[in-house]
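# Observations on the three-dimensional arrangement
Residues per chain, in single letters:
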Amino acid sequence: MRGMKFKQSKSIVRLIGLSFFIFHLSFSTAGAQKIGLALGGGGAKGGAEVGVLKVLEEQGIRPDYIAGTSIGSIVGVLYAAGYSAKELEQLFCQQEWLSLLTDRRDDLSGEPYRQLDGVTYIFGFPVIDTNNKTFGVLRGGKVEQVIDSMLAKRGCVEFECLPIPFQCVASSMLSAEEVVLSEGTLPRAVRASMAIPGLFKPVEIDGQQLVDGGLMNNLPVDVVRQMGADIVIAVDLQQEKPKNRSQDGNIITDIADMLGVGPLAKWIFYRPDITKYNENRRKADIYINPPLPDYDASSFGNESMQRMIRVGEQSARRQLEKLDIKKF
């Protein structure tokens with residue numbers, strides 16, 4: 001009888017211990033802070049974002065969500081697919097970006113002028129494409145192919161299969177509205193996010209003509225917050241901080257509405273992208289703005305890229321030194 005009571009007591013103790021462990025585990029999981037990474041647009045200056053990723057990895061900080069715009073979408077999707085910061089550094093430093101982004105044909109690079117299949121090439125660069133009447137010179141096919149190939153190596157060509165949830169920002173060319181892409185084919189979505197109007201041809205997705213997301217949201221802090229992030233680390237490549245414009249009515253925009261070009265006119269006069277940018281900059285929990293005054297969106301090249309990556313590392317370390325990394 002005494003032995004039975006002893007066994008019952010041990011069972012009760014184990015049950016209490018197990019219950020306490022489950023409670024502690026559920027409390028810890030519920031209280032875990034989810035980290036979001038917002039990667040802004042800026043062309044070649046995206047190399048600095050790779051530098052930031054290197055420092056985050058060194059500190060053991062892994063984002064739970066990633067949102068990107070333009071070059072930030074390229075960096076973001078590859079990192080979300082499992083490429084390390086070191087691998088991205090090698091890509092950015094070794095890739096022939098001029099040929100990649102301009103769809104240049106290397107086999108025609110020595111010819112001053114050549115027409116082939118309705119496309120006019122000057123030293124291999126496509127300048128006129130009679131097969132495609134949409135606004136913009138470049139199709140962006142080569143960069144889409146490279147992204148597709150790299151993602152396929154990680155087995156992640158669709159949004160749904162990424163190890164880290166990712167979304168990217170594009171802009172509707174007709175309605176001048178922000179479009180957040182979160183499903184479907186990744187290379188196509190990223191290609192839309194970086195389609196600079198006038199340079200790249202727009203990308204049609206779900207019946208919409210989409211162009212560069214920087215036209216509406218160049219620092220997608222709000223996007224990654226809506227994905228579920230509690231703490232948002234923002235990497236802003238913009239150097240000059242624009243001021244918000246007045247939202248008062250304008251007779252010109254009223255006339256534009258009547259002519260059917262209201263969205264474009266309102267974007268030009270009110271610049272909603274500036275308002276969104278300033279809001280997102282203030283709302284970031286950790287704001288990293290690498291100083292890159294000597295570089296612009298076209299500063300591709302091994303030497304420049306290495307320097308920008310180092311600037312990104314230095315900026316990230318300065319910001320993270322101010323914080324208690326353990327809270328992550």
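Residues numbered from 1 in each chain as written. Predicted model: local features only at pLDDT ≥ 70, side-chain atom pairs only at ≥ 80, totals over all residues. Heavy atoms only, no water.

### Description of the nonpolar core
Residues Leu78, Leu88, Phe166 and Leu181 are the most contacted members of the largest nonpolar core, which totals 63 residues. Among the elements that make up this core, the one with the highest residue count is helix α3 (residues 71-80) (seven residues). Dropping the residues within four chain positions of it, Phe166 is found in contact with Ile66, Gly68, Ser73, Gly76, Val77, Ala80, Phe159, Leu186, Val190 and Met227. (Core = buried A, V, L, I, M, F, W, Y, C linked by side-chain atoms within 4.5 Å. Buried < 20%, exposed > 50% of the residue type's maximum accessible area, 1.4 Å probe, protein only. Helix = DSSP H or I, 4+ residues; strand = E, 2+ residues; numbered from the N terminus. Contact = heavy atoms within 4.5 Å.)

### Some words on the packing of helix α4 (residues 85-94) against helix α12 (residues 302-321)
Interaxial distance between α4 and α12 falls to 8 Å at its minimum, and their mutual angle equals 145°. Within the contact between the two elements, α4 uses Glu89, Phe92 and Cys93 and α12 uses Asn302, Met305, Gln306 and Ile309. Residue composition of the contact of α4 with α12, by class: four nonpolar, two polar and one charged. (Axes fitted to C-alpha atoms, helices over the stretch in contact; angles between N-to-C directions. Nonpolar A, V, L, I, M, F, W, Y, C, P; charged D, E, K, R; others polar.)

### Let's talk about the environment of Glu96
Structurally, the position occupied by Glu96 is in the loop between α4 and α5 (97-102). Since its relative accessible area comes to 47%, Glu96 is described here as partly exposed. With 205 residues separating them along the chain, Glu96 and Gly301 place their C-alpha atoms 7.7 Å apart.

### With respect to α12
Helix length check: α12 (20 residues) gives 29 Å between terminal C-alpha atoms against 28 Å at 1.5 Å per residue, within 8%. Considered for burial, the residues of α12 that qualify are Met305, Met308, Ile309, Val311, Gly312, Glu313, Ser315, Ala316 and Leu320. (Expected span 1.5 Å × (residues − 1).)

### Structural notes on the pairing of strand β10 (residues 231-235)
A regular strand places its side chains so that they alternate between the two faces of the sheet. The buried fraction of β10 is high, at five of five residues. Here β10 shows a buried face lined by Ile231, Ile233 and Val235 and a second buried face lined by Val232 and Ala234. Taken together, the five bridges between strand β1 (residues 35-39) and β10 define a ladder with parallel strand orientation. Within β10, the residue paired with Ile35 across the bridge is Ile231. In the sheet, β10 pairs with strand β11 (residues 286-288) via three bridges, with the strands oriented parallel. Note on β11: the bridge partner recorded for Ala234 is Tyr287. (Pairing = 2+ DSSP bridges.)

### A short note on helix α2 (residues 47-58)
Over its twelve residues, α2 extends 17 Å from the first C-alpha to the last, a length consistent with the 16 Å expected when each residue adds 1.5 Å. In terms of burial, α2 is a largely internal element, ten of the twelve residues being buried. Within the span of α2, buried status applies to Gly47, Ala48, Glu49, Val50, Gly51, Val52, Leu53, Lys54, Val55 and Leu56. Looking at the packing, one finds that the buried side of α2 touches β1, α3, α4, β10, β11 and α12.

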